[in-house]
Amino acid sequence: PKASVDASVKPGDDFYHYADGTWLKNNPIPSDHASWGSFVLLSERNNDVLHVILDDCAANPGAKGSARQKVGDFYASGMDEAAIDAAGVKPVQPWLDRIAALKGAADLPALHAQYD
């Protein structure tokens, strides 16, 4: 669009900044991102919408056994940092023990099959 054009740049010198210079000046890359553009904005918006949905499912779980209740419980369990910190590695300790018991690479396929 014409609004993105930076007429102070000659198109033959730097076409990219000529074509998008104004947009780039008006939309600086945030310090917590490596790049910025319409697809990043779309992703950020999508994450915001999903966050609202998940918070709502956790706060209003609905009928026991429903998808809403399961999603809400799963999300809430992942957001409960105190419980996660208290549990430490205990929930995955059986898997860590199985990994530690491997005698070599030949044992790996059998262990991997247990994940399915």
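Residues numbered from 1 in each chain as written. Predicted model: local features only at pLDDT ≥ 70, side-chain atom pairs only at ≥ 80, totals over all residues. Heavy atoms only, no water.

### Remarks on the overall build of the chain
Line of reasoning, step 1. In terms of helices and strands, the chain carries six helices and zero strands.
Line of reasoning, step 2. The helix and strand sequence of the chain, counted from the amino end, reads α-α-α-α-α-α.
Line of reasoning, step 3. Taken against the 2.2 N^0.38 rule, which gives 13 Å for 116 residues, the C-alpha radius of gyration of the chain at 25 Å runs more than 25% over that of a compact globule.
Line of reasoning, step 4. Here the chain holds 116 residues, and 9% of them are scored as buried.
Line of reasoning, step 5. Put simply, of all contacts in the chain between residues at least 6 apart along the chain, 2% involve residues at least 24 apart.
Line of reasoning, step 6. About 9200 Å² of surface is accessible on the chain, with carbon and sulfur atoms providing 62% of the total.
Line of reasoning, step 7. When the 10 positive and 16 negative side-chain charges of the chain are each reduced to one mean point, those points stand 5 Å apart. (Helix = DSSP H or I, 4+ residues; strand = E, 2+ residues; numbered from the N terminus. Rg over C-alpha atoms; globule rule 2.2 N^0.38 Å. Buried < 20%, exposed > 50% of the residue type's maximum accessible area, 1.4 Å probe, protein only. Contact = heavy atoms within 4.5 Å. Areas by Shrake-Rupley, 256 points an atom, 1.4 Å probe, with all protein chains shown as cover. Lys, Arg positive; Asp, Glu negative; His and termini not counted. Charge placed at Lys NZ, Arg CZ, Asp CG, Glu CD.)

### A few points about the packing of aromatic side chains
Line of reasoning, step 1. As enumerated under the stated definition, the model contains one aromatic pair in all.
Line of reasoning, step 2. Look at F15 and Y18: their rings are 5.8 Å apart centre to centre, the planes differ by 40 degrees, and that puts the pair in the tilted class. Taken together, the residues F15 and Y18, both in helix α1 (residues 15-26) and three residues apart, mark about one turn of the helix.
Line of reasoning, step 3. Among the residues examined, Y18 registers a relative accessible area of 23% and is labelled partly exposed.
Line of reasoning, step 4. One residue, R98, lies across the ring of W95, its end atom 4.4 Å from the ring centre. (Phe/Tyr/Trp six-rings, centres within 6.5 Å; stacked < 30°, edge-to-face > 60°. Lys NZ or Arg CZ within 6 Å of the ring centre and 35° of its normal.)

### Quick look at the side chain of S4
Line of reasoning, step 1. Mapped onto the elements of the fold, S4 is located in the segment before α1.
Line of reasoning, step 2. Note on S4: relative accessible area 9%, which makes it buried.
Line of reasoning, step 3. If we ignore the near neighbours within four places in the chain, the residues touching S4 are Y18, A19, D20, G21, T22 and W23.

### Here we look at the packing of helix α2 (residues 38-59) against helix α3 (residues 67-79)
Line of reasoning, step 1. Closest axis-to-axis distance for the α2/α3 pair is 7 Å, and the angle between their directions is 105 degrees. Overall, the two elements α2 and α3 adopt an arrangement that is roughly perpendicular. Here α2 contributes H51, L54, D55, D56, C57 and A58 to the contact with α3, which in turn contributes R68, V71, G72, Y75 and A76.
Line of reasoning, step 2. Here the residues of the contact of α2 with α3 sort into six nonpolar, two polar and three charged. (Axes fitted to C-alpha atoms, helices over the stretch in contact; angles between N-to-C directions. Parallel < 35°, antiparallel > 145°, perpendicular 65-115°, else oblique. Nonpolar A, V, L, I, M, F, W, Y, C, P; charged D, E, K, R; others polar.)

### Topic: a nonpolar patch on the surface
Line of reasoning, step 1. On the surface, V89, V92, L96, I99 and Y115 cluster together into a nonpolar patch covering about 440 Å² of accessible area.
Line of reasoning, step 2. Turning to its location among the elements, L96 is positioned in helix α5 (residues 93-100).
Line of reasoning, step 3. The partly exposed category is assigned to L96, whose relative accessible area is 38%. (Patch = residues over 30% accessible without salt bridge, like charges linked within 9 Å, V, L, I, M, F, W, Y side chains within 5 Å. Salt bridge = Lys/Arg side-chain N within 4 Å of Asp/Glu carboxyl O.)

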